[in-house]
Amino acid sequence: MAPSTSSQRRQLVPGVYVPVITIFKDDDSQALDIPAYQKHILFMAKAGIHGFVCQGTTAEAPALTFEERAELVKATRSVLDENGFVNVPIIVGVSGGSTQETVKLAIQATEAGGDYVISLPPSYFSGSMTVAALEAFYTEVADKSPLPVLVYSYPVVSAGLELPSESIHRLAQHSNIVGIKQTDHNVGKMSRIAYQNPEFAVFAGASDYFLGALAVGVHGAITGIGNIFPKVVVDFYNQYQAVFGSQAVSNSGPPLLKSMRRLQVLQGKISVAETVIISGGIPSAKYACQHYLGWGGTPRRPVPESPDEIKVNVEEGLKELKKLESQELESQLT
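What counts, and at which threshold
- Residues numbered from 1 in each chain as written.
- Predicted model: local features only at pLDDT ≥ 70, side-chain atom pairs only at ≥ 80, totals over all residues.
- Heavy atoms only, no water.
- Helix = DSSP H or I, 4+ residues; strand = E, 2+ residues; numbered from the N terminus.
- Polar contact = N/O pair within 3.5 Å; in protein donor to acceptor, adjacent residues only side chain to side chain.
- Contact = heavy atoms within 4.5 Å.
- Phe/Tyr/Trp six-rings, centres within 6.5 Å; stacked < 30°, edge-to-face > 60°.
- Buried < 20%, exposed > 50% of the residue type's maximum accessible area, 1.4 Å probe, protein only.
- Pairing = 2+ DSSP bridges.
- Right-handed = clockwise from strand over helix to strand, strands pointing away.
- Axes fitted to C-alpha atoms, helices over the stretch in contact; angles between N-to-C directions.
- Disulfide = S-S within 2.5 Å.

Section: the side chain of S153
Next, step 1: Tracing the backbone through its elements, the reader meets S153 in strand β5 (residues 149–153).
Next, step 2: In terms of polar contacts, S153 uses its side chain to reach the side chain of D184, at 2.5 Å.
Next, step 3: Apart from the residues lying within four places of it in its own chain, the contact partners of S153 are E162, I180, K181, Q182, T183, D184 and K189.

In structure tokens form, the structure reads like this:
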């Protein structure tokens, strides 16, 4: 199946993307709760989120069936289109244990309404996965995927596998490999890749260093905190673009320093909150959504929900962003 052309797909616009949680019913079946999931998608879209990642780590992708993956992508696309967000792109996680499985998932993502796919490197046989083998994997997936491919660099969940920036530079020459999500959190590597490949979309894998990542030229961030406080992260991105973006009004001296200090303070607040979520894993992310939004539920078994002490940490660590999110909502109403 031939890759789609740029005129046939939504653009991978710069900005803030969210790896969406999957919401399950609160009963023994833990089946997908599609109405709650679509409510969550719409909440974030209305907050200005630029794009969504389905079936990523935050979505508990390893716990989803093949059929559920398609159902979630279809549900995402339909709720966006029905509410006027027809140009918002969807990146679909297609990580599998083999090249064949990853390609099969990429084809499914196409048929379900995805715009791009993203994959971790297969890591079960990590000892045999040399740099050459990993480059060959992404090349073959890109050759056979109907949708453009992003590399997903997340060594913590991939048995330590991580391609060097030189490999990413080579892969970026492939016409159907268009970007990378760097949950390796290596800002220096982001800088090298963005500089050497200006048309390649480099995404920070979190927003607790978003200011530094933007300063070295990333395309945006794919950040879990956007599930909970999307307006804060979008506002941070917009403030940065207003000062330093291509359309920014030229300024210098005290006004520039004041803007930078404001961004530094906001970055600090985002960093404190996101670190709490990252350290607590999926249970913390789900609890934060349930606590602050009223939906989110618990992880799919066997992953347990957060213990009480972690819940306290989440509430304490996210207080500042909750306050900022409320201020954003109030400012829109006045």
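Thoughts on the packing of aromatic side chains
Next, step 1: All chains considered together, the criterion is met by nine aromatic pairs.
Next, step 2: With 5.7 Å between their ring centres and 35° between their planes, F210 and F236 make a pair best called tilted. Taken together, the positions of F210 in helix α7 (residues 210–215) and F236 in helix α8 (residues 230–244) put the pair 26 residues apart, joining distant regions of the chain. For the residue pair F210 and F236, the accessibility class agrees, reading buried in each case.
Next, step 3: Three or more aromatic residues joined by ring pairs form one cluster here, namely F210, F236 and Y237.

Digging into the pairing of strand β7 (residues 201–204)
Next, step 1: Side chains of β7 alternate between two faces, with A201 and F203 and V202 and A204 buried alike.
Next, step 2: Strand direction decides the pairing type here: strand β6 (residues 177–182) and β7, joined by four bridges, are parallel. The partner of K181 across the bridge, within β7, is F203.
Next, step 3: With helix α6 (residues 187–196) bridging β6 and the parallel β7, this β-α-β connection has right-handed handedness.
Next, step 4: At this point the chain moves from β7, through α7, to the parallel strand β8 (residues 220–222), and the crossover so formed is right-handed.

Remarks on the sheet that holds strand β3 (residues 90–93)
Next, step 1: One closed barrel accounts for eight strands, arranged β1-β2-β3-β4-β5-β6-β7-β8; its pairing is parallel. Averaged over all adjacent pairs, the angle separating strand axes in this sheet is 25°, with direction ignored.
Next, step 2: Sheet strands in contact with helix α2 (residues 66–82) are β2 (51–54) and β3, and its direction is about 170° off that of β3.
Next, step 3: Against the sheet, helix α4 (residues 131–144) engages β4 (116–119), β5 and β6, with an angle of about 150° to β5.

Some thoughts on the pairing of β5
Next, step 1: When you tally the buried positions in β5, you get five out of five residues, the bulk of the element.
Next, step 2: Burial of the side chains of β5 extends over both faces: V149, V151 and S153 are buried on one face and L150 and Y152 on the other.
Next, step 3: The sheet contact formed by β4 and β5 spans three bridges and is parallel. Counterpart to I118 in the pairing with β5 is L150.
Next, step 4: Note that the unit made of β4, α4 and β5 has a crossover that is right-handed.
Next, step 5: As paired elements, β5 and β6 share five bridges and run parallel to each other. Along β6, the bridge assignment pairs S153 with Q182.
Next, step 6: For the handedness criterion, the β-α-β arrangement of β5, helix α5 (residues 165–171) and β6 is classed as right-handed.

Considering the state of the cysteines
Next, step 1: For the structure on display, the rule yields zero disulfides.
Next, step 2: With no disulfide of its own, C54 has C289 as its nearest cysteine by sulfur position, at a separation of 14 Å.
Next, step 3: Residue class for C289 comes out buried when judged on its relative accessible area of 0%.

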